[in-house]
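# Summary of structural features
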Amino acid sequence: MKDTCNASLLRQLPQVEEVLHESALTNLKGVSRTIVVNAVRNEIEKRRKAILDGDEADTGAASIAQAAAARTRALTTPSLKRIINATGVIIHTNLGRSALAPEAIEAVKDVIVGYSSLEYDTQHMARGSRHDHCEPLICALTGAEAAIAVNNNAAAVMMVLSVFAAGHETVVSRGEQVEIGGSFRIPDIMQQSGTHMVEVGMTNKTYLRDYEEALTDDTVMLFKAHPSNYLMTGFAELVSISELRSLADAHEAKTGNHVLIYEDQGSGAFLELSAFGNSAEPTVAQSLAAGADLVSFSGDKLLGGPQAGIIAGRADLIARLKASPLARVLRLDKMTLAALEATLRIYLDPDQALQRIPTVRMLVEDPECVRKRACALHDAIQTRIGSGKATLEVIPEISRAGGGALPMRDIGTHALQMRFIVGNAQDCWQFLAQSCPVSIVARIHEESVLFDARTILSKEEINVISLGVALYFDQLATSEGL
Ligand SMILES: *Cc1c(COP(=O)(O)O)cnc(C)c1O
């Protein structure tokens, strides 16, 4: 019986041409016919298989057209796209961390429209190295003898541990056994690298003598990790780089064993931004000057550049990293190198860095300037929506650095608060992210939507947000048949 049912269902499956005439597909605008035809074939084939497997598939042309239209839309709509960040979290990992400086954007464009000097040295008409583009700048900015940039800081940590400490002992404080988020835990990365982790001290207190007692003939590294978004205060103590330096030097004088000091700095500040107050991060230069042999940090956190991991320090050690097979595995592409080089160059003049690198500018921008932007957003929205839909008010609020940087720092800001007379906060918040031409991610607070002006980048973004809010109330009116 089953077989005959299958046969009649199979016969009911429509021809491709018939499905193409369905309104679900004729309504699709600006999509190539080839893509639509393929989607229809695909869907018919899927249902044929289902029927052959004994399932009751819908053989209607309208149903097939709908599924094909959904598939076409999913395939032809960009997934990775621009977003307007109105959350006030400056280094927002889920939103791509750092917006690039105009110079960095230009540099990327310049190297991708054609060929580039990625590994070609036009001075000597010979093969060059991709490491040559950023290294002199990193050295000039940090005082390091040498440097290498790789895919991200997690890769940098992995590389340093693998190259210098695999099969030997690395000493790390229990106070720095942190999880940075997204499955990056110090003990896990140590295990993956093949080093033997030797934990010292207590969660809250580690003294120099704890490191001293842990040193053996097999110790090759003292590792410090910046605790990032986790901050210990009160009855807590960690050992400084300069103390570790003295210990390593004394150990070498006594035993002849050389022990490396490596700090994973996480955010990696270049500027001593006094505006950050006493919770300021140590700079890369300070750690190197204090005696770290190697320091690594992210390219897209406090630095405000592209995703990258930078390792800076002793020339002999960096040379070994460059020669490692991992340098090839973790290497940066030309777009990232172009953006990183251009970003680093801006730091040569710290005043320029404060003005031109969006992440740095947002971190130090005066709350009064932020308030002006919040007011401009207020006016733009008010003009578009008129009265009777929502009440708008500019209020003082707190922004966060994000990205594990400056966790305790409250950054005073101003936000536009929108309370609803028609519609509601949850709906509007979702509409702005899901249904606007450019997605807008705002904050939701009690029964209101908050737009933190600190992370809103331009007049154009203000305009787009006001348009999005107006669209929200328009579709509300349409859906209620007003
Ligand atoms: C963020 C962070 C990392 C990881 O850096 P990515 O560039 O995101 O790979 C590693 N260590 C610390 C201390 C961090 O803060």
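This structure is a prediction, so every number in the text was calculated from the model and none was measured.

Rules of the game
- Residues numbered from 1 in each chain as written.
- Predicted model: local features only at pLDDT ≥ 70, side-chain atom pairs only at ≥ 80, totals over all residues.
- Heavy atoms only, no water.
- Helix = DSSP H or I, 4+ residues; strand = E, 2+ residues; numbered from the N terminus.
- Expected span 1.5 Å × (residues − 1).
- Buried < 20%, exposed > 50% of the residue type's maximum accessible area, 1.4 Å probe, protein only.
- Arc of directions from axis to C-beta.
- Contact = heavy atoms within 4.5 Å.
- Pairing = 2+ DSSP bridges.
- Axes fitted to C-alpha atoms, helices over the stretch in contact; angles between N-to-C directions.
- Polar contact = N/O pair within 3.5 Å; in protein donor to acceptor, adjacent residues only side chain to side chain.
- Left-handed = near helix turned anticlockwise from the far one by under 90°.
- Nonpolar A, V, L, I, M, F, W, Y, C, P; charged D, E, K, R; others polar.
- Domains from an automatic or database assignment.
- Salt bridge = Lys/Arg side-chain N within 4 Å of Asp/Glu carboxyl O.

## Notes on helix α18 (residues 367–385)
Residue pairs spaced three or four apart in an α-helix point in one direction, given the helix's 3.6 residues per turn. With 19 residues, α18 ought to run about 27 Å at 1.5 Å a step, and its terminal C-alpha atoms sit 27 Å apart, in line with that. Buried within α18 we find Val370, Arg373, Ala374, Leu377, Ile381 and Ile385. Seen from one end, α18 has its buried residues packed into an arc of 100°, which puts them on one side. Among the exposed residues of α18, those pointing more than 90 degrees away from its buried face are Lys372 and Thr383. If you follow the buried residues of α18, they end up packed against β14 (390–402), β15 (411–420), β18 (448–452) and α20 (459–479). Immediately downstream of α18, the backbone of Gly386 shows phi near 65°, a positive value.

## Re the sheet that holds β14
Spatial strand order, β2-β14-β15-β18-β17: five strands in an open sheet with mixed pairing. Only two strands of the sheet have a single neighbouring strand rather than two, namely β2 (89–91) and β17 (443–445). Here the average twist between neighbouring strands, direction ignored, is 35°. Looking at chain direction, β17 and β18 are connected through three bridges and run antiparallel. In the strand pairing of β18, His445 is matched with Ser448. Sheet strands in contact with α20 are β14, β15 and β18, and its direction is about 20° off that of β15.

## A word on helix α4 (residues 33–52)
Helix length check: α4 (20 residues) gives 28 Å between terminal C-alpha atoms against 28 Å at 1.5 Å per residue, within 8%. Those residues of α4 that fall on the buried side of the exposure criterion are Val36, Val37, Ala39, Val40, Glu43, Ile44, Arg47, Ala50 and Ile51. In an axial view of α4, the angular spread of the buried residues amounts to 160°, which keeps them on one side of the axis. Residues of α4 that are exposed and angled more than 90 degrees away from the buried face: Thr34, Lys46, Lys49 and Leu52. In this structure Ser32 caps α4, since a side-chain oxygen of it lies 3.2 Å from the backbone nitrogen of Thr34. Two residues or fewer after α4 comes Gly54, characterised by a positive phi angle close to 95°.

## Digging into the packing of α18 against α20
Across the interface, α18 lies against α20 with an axial gap of 9 Å and an inter-helix angle of 35°. Between α18 and α20 lies a crossing whose hand is right-handed. Across from Arg373, Ala376, Leu377, Ala380, Ile381, Arg384 and Ile385 in α18, the residues of α20 making contact are Ile462, Asn463, Ile465, Ser466, Leu467, Val469, Ala470 and Phe473. Its residues assigned to classes, the contact of α18 with α20 shows 11 nonpolar, two polar and two charged.

## Here's the deal with the pairing of strand β10 (residues 219–225)
Along β10, seven of the seven residues are buried, which leaves the element largely enclosed by surrounding structure. Both β10 and strand β11 (residues 260–266) contribute to a ladder of five bridges, which runs parallel. Bridge pairing in β11 links Phe223 to Tyr262.

## Focus: the domain arrangement of the protein chain
Domain annotation for the protein chain reports domain 1 (2–76), domain 2 (83–90 + 363–480) and domain 3 (102–356). The gap between the C-alpha centroids of domain 1 and domain 3 is 54 Å.

## Details of the pattern of salt bridges
For side chains of opposite charge, pairing can occur when their charged atoms come near one another. Here the structure, examined in full by the defined rule, presents 24 salt bridges. For Glu135, the salt bridge goes to Lys322, with nearest N and O atoms at 2.7 Å. Taken together, the residues Glu135 in helix α7 (residues 135–142) and Lys322 in helix α13 (residues 315–323) connect sequence positions 187 residues apart. A relative accessible area of 29% means that Lys322 is categorised as partly exposed. Glu199 is the partner of Arg174 in a salt bridge, and the nearest nitrogen-oxygen pair spans 3.6 Å. You can see Arg174 sitting in the loop between β6 (169–173) and β7 (179–181) and its partner Glu199 sitting in strand β9 (residues 196–200), a full 25 residues away along the chain. Given a relative accessible area of 34%, Arg174 falls into the partly exposed group.

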